[in-house]
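# Chains, contacts and geometry: an overview
What follows is the residue order along each chain.
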Amino acid sequence: MVGYDPDAKCVSTAEAAAAGSASGLVTRVLVSPLDVLKIRFQLQIEQLSSRNPTAKYHGILQAVQCIFREEGLTAFWKGHVPAQFLSVGFGAVQFMAFESLTELVHNVTSFNTRDSFVHLVCGGLAACTATVAVQPVDTLRTRFAAQGEPKIYPNLRHAVMTMYQTEGSRTFYRGLTPTLVAIFPYAGLQFFFYNILQQFSKWVVPAEEKNGGNVKNLVCGSCAGVISKTLTYPLDVVKKRLQVGGFEHARAAFGQVRTYGGLLDCVRQIMQEEGPGGFFKGLSPSLLKAAFSTGLIFFWYELFCSFLCALKSPKSTRRKQG
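Residues numbered from 1 in each chain as written. Predicted model: local features only at pLDDT ≥ 70, side-chain atom pairs only at ≥ 80, totals over all residues. Heavy atoms only, no water.

## Some remarks on the overall build of the protein
For clarity, the threshold we go by: We count a stretch as a helix when DSSP gives it H or I for four or more residues in a row; a strand needs E for two or more, and each element gets its number in order from the N terminus. The atom set for the radius of gyration is the C-alpha atoms, and the globule formula is 2.2 Å times the number of residues raised to the power 0.38. To sort residues, take the accessible area from a 1.4 Å probe on protein chains only and compare it with the maximum for the residue type: under 20% means buried, over 50% means exposed, and anything in between is partly exposed. In what follows, residue pairs with any heavy atoms lying within 4.5 Å of each other are defined as contacts. Note on areas: Shrake-Rupley with a 1.4 Å probe; residue coverage comes only from the protein chains shown. For the charge count, each Lys or Arg is scored as positive and each Asp or Glu as negative, with His and the chain ends excluded. One atom stands in for each charge, and that atom is NZ of Lys, CZ of Arg, CG of Asp or CD of Glu.
Along the protein, the regular secondary structure elements total 10 helices and zero strands. Helices and strands in the protein line up, N terminus first, as α-α-α-α-α-α-α-α-α-α. The C-alpha radius of gyration computed for the protein amounts to 21 Å, which stays within 12% of the reference 20 Å derived for 322 residues, consistent with globular compactness. Across its three principal axes, the protein shows a C-alpha extent of roughly 65 × 40 × 40 Å. Burial analysis of the protein (322 residues in total) assigns 51% to the buried set. A fraction of 79% describes how many contacts in the protein between residues 6 or more apart in sequence connect residues 24 or more apart. Carbon and sulfur atoms provide 66% of the accessible area of the protein, an area that totals close to 15,200 Å². Across the protein, 32 positive and 21 negative side-chain charges occur, with their mean positions spaced 4 Å apart.

## Focus: the environment of H119
Inspection of the secondary structure assignment puts H119 in helix α4 (residues 116-146). Once the C-alpha coordinates of H119 and T294 are considered, the two residues, 175 residues apart in sequence, prove to be 15 Å apart. Setting aside its immediate chain neighbours within four residues, H119 contacts V2, F98, T113, R114, G188, F191 and N195.

## Here's the deal with the packing of helix α1 (residues 13-43) against helix α7 (residues 213-243)
For any two helices packed against each other, one specifies the inter-axial angle together with the distance between the axes. How we decide: A fitted line through C-alpha atoms represents every axis, and for helices the fit uses only the stretch in contact; the resulting angles, taken between N-to-C directions, go from 0 to 180 degrees. Roughly parallel here means an angle under 35 degrees, roughly antiparallel means over 145, roughly perpendicular means 65 to 115, and every remaining angle is called oblique.
Interaxial distance between α1 and α7 falls to 9 Å at its minimum, and their mutual angle equals 80 degrees. The angle between the axes of α1 and α7 places the two elements in the roughly perpendicular class. For the pair formed by α1 and α7, the contact residues are K38, I39, Q42 and L43 on the first element and Y233, D236, V237, K240 and R241 on the second.

## Some points on the UniProt feature "transmembrane region" (unreviewed entry) in the protein
Applicable threshold: UniProt positions are given in the numbering used here, feature names are shortened, and annotations may be inferred rather than shown by experiment.
Within this structure's numbering, the places UniProt gives as "transmembrane region" (unreviewed entry) are residues 171-193 and 290-311. Across residues 171-193, the secondary structure splits into 78% helix and 0% strand, with the terminal C-alpha atoms separated by 34 Å. Within the segment residues 290-311, helix and strand shares are 100% and 0% respectively, and the terminal C-alpha atoms sit 31 Å apart.

## Observations regarding the UniProt feature "repeat: Solcar" (unreviewed entry) in the protein
The sites that UniProt annotates as "repeat: Solcar" (unreviewed entry) are residues 11-104, 114-200 and 212-307. Here residues 114-200 is 78% helix and 0% strand, with 13 Å between the C-alpha atoms at its ends.

## Topic: the pattern of salt bridges
Applied cut-off: In what follows, salt bridge is the name for a side-chain nitrogen of Lys or Arg lying within 4 Å of a carboxyl oxygen of Asp or Glu.
Enumeration over the complete set of coordinates arrives at 16 salt bridges. When the shortest N-O distance is used, the salt bridge between E71 and K78 registers 2.6 Å. We note that E71, like K78, is buried. In this structure, D265 engages R268 in a salt bridge whose closest nitrogen and oxygen atoms are separated by 2.5 Å. One end of the pair is D265 and the other is R268, both in helix α8 (residues 263-274) and three residues apart, which spans about a single turn.

## Considering the packing of aromatic side chains
Rules: Two aromatic rings, drawn from Phe, Tyr or Trp (for Trp, its six-membered ring), form a pair once their centres lie within 6.5 Å of each other, and the interplanar angle then sorts them: stacked below 30 degrees, edge-to-face above 60, tilted otherwise.
For the coordinates displayed, the defined rule picks out 13 aromatic pairs. With centroids separated by 6.3 Å and ring planes inclined at 90 degrees, the aromatic side chains of F95 and F298 adopt a geometry described as edge-to-face. Here F298 lies in helix α9 (residues 283-311) and F95 lies in helix α3 (residues 80-108), a separation of 203 residues in the sequence. When its relative accessible area of 1% is taken as the criterion, F95 is described as buried.

Structure follows, in structure tokens:
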């Protein structure tokens with residue numbers, strides 16, 4: 001169902017956008033706590049270890065207890081409103097662009113649109129398009145998730161106005177360069193491995209019953225998410241560090257803060273002060289999030305597309321007429 005298929009085309013570009021939006025919305029609600037943990041870990045300068053007395057967070061369980069004790073249960077959904085705008089917008093643009101790009105490949109080239117490498121390139125380009133469209137919302141989401149108590153930004157409107165007045169419009173695109181550098185291989189590899197795993201599953205279980213298809217989509221999506229996230233994770237850390245630039249005063253309670261002059265300066269400082277391991281801070285919750293979010297995104301997208309196809313099927317039409 002993911003990608004253009006001339007033999008089984010029943011979802012329009014607009015319907016793909018709607019299914020992508022819906023899948024992003026549902027998935028975001030479920031994985032938000034893991035996203036907050038990942039961002040907190042990524043932004044911590046100190047080593048993530050209980051042996052470091054200056055470190056605020058040591059591990060997943062300790063961080064969950066600490067955040068719950070200091071900020072309450074709702075802290076795990078900090079920045080949820082901009083995050084939902086991000087998920088809905090990203091999902092819509094990404095899947096709409098992916099369907100359009102794979103259809104374009106089918107119409108103007110001799111490549112097979114079901115080929116994994118076509119999905120790699122089209123998936124990366126679709127994600128880059130979606131990233132440029134929603135980057136301001138991603139920056140807002142990161143700031144909300146990063147701030148402690150008392151809050152610097154009480155609501156979304158205040159955050160937008162304050163950031164614009166004090167830092168200018170360019171602040172909403174902080175970290176865009178490493179984001180684009182990271183998102184192309186990350187999203188491309190998601191679609192690439194999802195396609196490969198789907199083909200592999202058909203080879204392993206050729207006589208699969210239809211009622212097991214949704215579980216297969218979930219498993220294939222989860223595995224694709226874990227592989228792609230591991231391969232591209234360092235750039236995600238750099239992006240998050242750059243996005244909170246100019247926001248250092250809100251990070252005082254979390255430990256040391258740093259100011260970075262750009263992508264290369266950020267990479268240099270992390271390597272010098274934190275070593276190679278600094279580029280993989282927060283990897284554990286990030287992999288959990290990648291497994292859940294990518295699996296659920298493809299699961300819900302395929303489910304919503306199947307539902308839309310069922311509504312347009314002859315049986316459904318006859319039922320409505322009767």
